[in-house]
Amino acid sequence: MADKHRPIVPPHKAERYLTLAVGLLVLIGGLLAVAAWRKEATSPAPHTHETPAPTLTPAPIGPLSGLTILVDPGHGGYDGGARCRDSGIWEKHLNLAVALEVEKSLVQRGASVIMTRRTDEDLCEEDRPAALTKKRQDMQNRVAMAVDGNAHMVLSIHMNEYRSRAESGPQVFYREGSSASRLLAGCIQSSLISGLSPRKERVAMAGDYFILQLEVPSVLIECGFISNAAEEKLLLSHDYQARLGEAIAGGVEEYLRLDAIGAQ
Ligand SMILES: [Zn+2]
């Protein structure tokens, strides 16, 4: 029995309605897809490098109060530095991660810190003179930041590598002939050994690096060997990076104590 309240639709008409509804759905779907595509095309590209860390405010009073320290994460941008033997991660990324931990530990002790970079970038300019190599300009700009910022001290952070995978252990370098830099390097070397207990205990050494030409105490810290499997793993861990930061800042603190004794 047919329900009299239900409109009777002839079969061919129902078919037409169905086609119309499907057509509408396809049209709406298409419009939505175009809208989504347009949104994707016009929205800014996602950030591919680290978000700049905010500048940290030094503790009001601490053992390093009144001291301005330039912390230089080595390499960056076009210059990756060395490469982790197992993970393939570039040295520049590890340098930055450790340098930010160094900054944190120094600031907690009252120091003001100038960072040469906070993201994955080099310090080259677009209109570089033709005679100046990229690397040279990059290095000159790092040195200029220390001079312009009246830094009392320079800490350049790097990772070491060697063809033999057996080599390991952090090592600090200073400029030959600079007794203050030599003392600073010795203090940081001891602090790295006592704070990290590396398998191989190295000694601070004189080294010929561009960043060490400054008059103020300056050191280049090779935090460990990324060519050594066990040490690479350590250097990639945030916990170890934080411990490196603490050990390096502790070394700076010890240097100031010894320097003050020497000055008396
Ligand atoms: Zn390096």
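In this convention, every chain numbers its residues from 1, walking through the sequence in written order. Where local features are concerned, this predicted model is filtered to residues with pLDDT of at least 70; where side-chain atom pairs are given and counted, the filter is 80 or more; whole-chain, interface and lining totals use all residues.

### Description of the sheet that holds strand E2 (residues 112-115)
For step 1, the next point in the chain: DSSP bridges decide pairing: two strands pair if at least two such bridges lie between them. Labels follow the DSSP assignment, with helices taken as runs of H or I lasting at least four residues and strands as runs of E lasting at least two, numbered in each case from the N terminus. Ordered in space as E2-E1-E3-E6-E4-E5, the six strands form an open sheet in which the pairing is mixed. Only two strands of the sheet have a single partner each, and these edge strands are E2 and strand E5 (205-206).
For step 2, the next point in the chain: Across two bridges, strand E4 (residues 171-174) lies against E5 in parallel orientation. Pairing of Phe 173 across the sheet is with Met 205, part of E5.
For step 3, the next point in the chain: Sheet strands touched by helix H4 (residues 179-196): E4 and strand E6 (218-225). Its angle to E4, the strand with the most contacts, is close to 175°. What counts as a contact here is a pair of residues whose C-beta atoms, placed from the backbone, lie within 7 Å. Lines are fitted to the C-alpha atoms to define the axes, a helix being fitted only along its stretch in contact, and any angle between axes, read from their N-to-C directions, falls within 0 to 180 degrees.

### A word on the nonpolar core
For step 1, the next point in the chain: Judged by nonpolar contacts, the single largest core of 50 residues is most densely connected at Ile 69, Leu 155, Ile 188 and Val 219.
For step 2, the next point in the chain: At the level of secondary structure, the elements contributing two or more residues to this core comprise strand E1 (68-73), helix H2 (91-108), E2, strand E3 (153-160), E4, H4, E6 and helix H6 (238-263).
For step 3, the next point in the chain: Among the elements that make up this core, the one with the highest residue count is H2 (nine residues).
For step 4, the next point in the chain: The residues touching Ile 188, leaving out its near neighbours within four places in the chain, are Val 172, Val 219, Ile 221, Ile 248, Gly 251 and Val 252. As used throughout, a nonpolar core is a set of buried Ala, Val, Leu, Ile, Met, Phe, Trp, Tyr and Cys residues joined through C-beta atoms within 7 Å of each other. Exposure in this text rests on C-beta crowding, where 20 or more other C-beta atoms within 10 Å of a residue's own make it buried, 12 or fewer make it exposed, and counts in between make it partly exposed. The C-beta atoms are placed from the backbone.

### Describing the environment of Gln 140
For step 1, the next point in the chain: When you line up the elements, Gln 140 lands in helix H3 (residues 134-148).
For step 2, the next point in the chain: Counting along the chain gives 16 residues from Gln 140 to Cys 124, while the straight-line C-alpha distance between them is 9.4 Å.

### Quick look at H6
For step 1, the next point in the chain: What a helix should span is 1.5 Å times the count of its residues minus one. For H6, with 26 residues, the first-to-last C-alpha span of 38 Å sits near the 38 Å given by 1.5 Å per residue.
For step 2, the next point in the chain: Those residues of H6 that sit buried are Gln 241, Leu 244, Gly 245, Ala 247, Ile 248, Ala 249, Gly 250, Gly 251, Val 252, Glu 253 and Tyr 255.
For step 3, the next point in the chain: On the buried face of H6, the contacting elements are H2, E3, H4 and E6.

### Quick word on the packing of H2 against H6
For step 1, the next point in the chain: For the pair H2 and H6, the least separation of the axes is 8 Å and the interaxial angle reads 50°. On the basis of the axis angle, H2 is oblique to H6. When the axes of H2 and H6 are compared, the crossing they make is right-handed. The segment H2 lies against H6, with Ala 97, Val 98, Glu 101, Val 102, Lys 104, Ser 105 and Leu 106 engaging Gln 241, Ala 242, Leu 244, Gly 245, Glu 246, Ile 248, Ala 249 and Val 252.
For step 2, the next point in the chain: Taken together, the residues of the contact of H2 with H6 sort by class into nine nonpolar, three polar and three charged. Orientation categories follow fixed angle ranges, with anything under 35 degrees roughly parallel, anything over 145 roughly antiparallel, 65 to 115 roughly perpendicular, and all other angles oblique. What makes a crossing left-handed is the near helix being turned counterclockwise from the far one by less than a right angle; a clockwise turn instead makes it right-handed. Residue polarity is assigned by list, with Asp, Glu, Lys and Arg as charged and Ala, Val, Leu, Ile, Met, Phe, Trp, Tyr, Cys and Pro as nonpolar; anything else, Gly included, falls into the polar class.

### Points about the confidence of the model for the chain
For step 1, the next point in the chain: Note: pLDDT gives the predictor's confidence per residue, expressed from 0 to 100. In this model, the chain carries an average pLDDT of 86, and 80% of its residues clear a pLDDT of 70 or more.
For step 2, the next point in the chain: Confidence drops under a pLDDT of 50 for residues 1-11, and excluding neighbours within four residues, the segment shows one contact in the predicted structure.
For step 3, the next point in the chain: Here residues 33-49 is modelled with pLDDT under 50, and outside its nearest four sequence neighbours on either side it reaches two contacts, counting other chains as well.

### Quick word on the pairing of E4
For step 1, the next point in the chain: Burial along E4 is two-sided: Gln 171 and Phe 173 facing one way and Val 172 and Tyr 174 facing the other are all buried.
For step 2, the next point in the chain: Bridge count between E4 and E6: four bridges; the pairing is antiparallel. When the bridges of E6 are listed, Val 172 appears paired with Ile 221.
For step 3, the next point in the chain: A crossover counts as right-handed when, viewed with the strands pointing away from the observer, the path leading from the first strand over the helix to the second turns clockwise. Once the chain exits E4 it traverses H4 before rejoining the sheet at E5, and the crossover so formed is right-handed.

### A word on unusual backbone geometry
For step 1, the next point in the chain: Positive phi is not limited to glycine here, since Asn 150 has a value of about 50°.
For step 2, the next point in the chain: As for its placement among the helices and strands, Asn 150 is situated in the loop between H3 and E3.
For step 3, the next point in the chain: Given 10 C-beta atoms within 10 Å, Asn 150 falls into the exposed group.
For step 4, the next point in the chain: Not every positive phi belongs to a glycine, and Ser 197 is a case in point at roughly 45°.
For step 5, the next point in the chain: Residue placement: Ser 197 occurs in the loop between H4 and E5.

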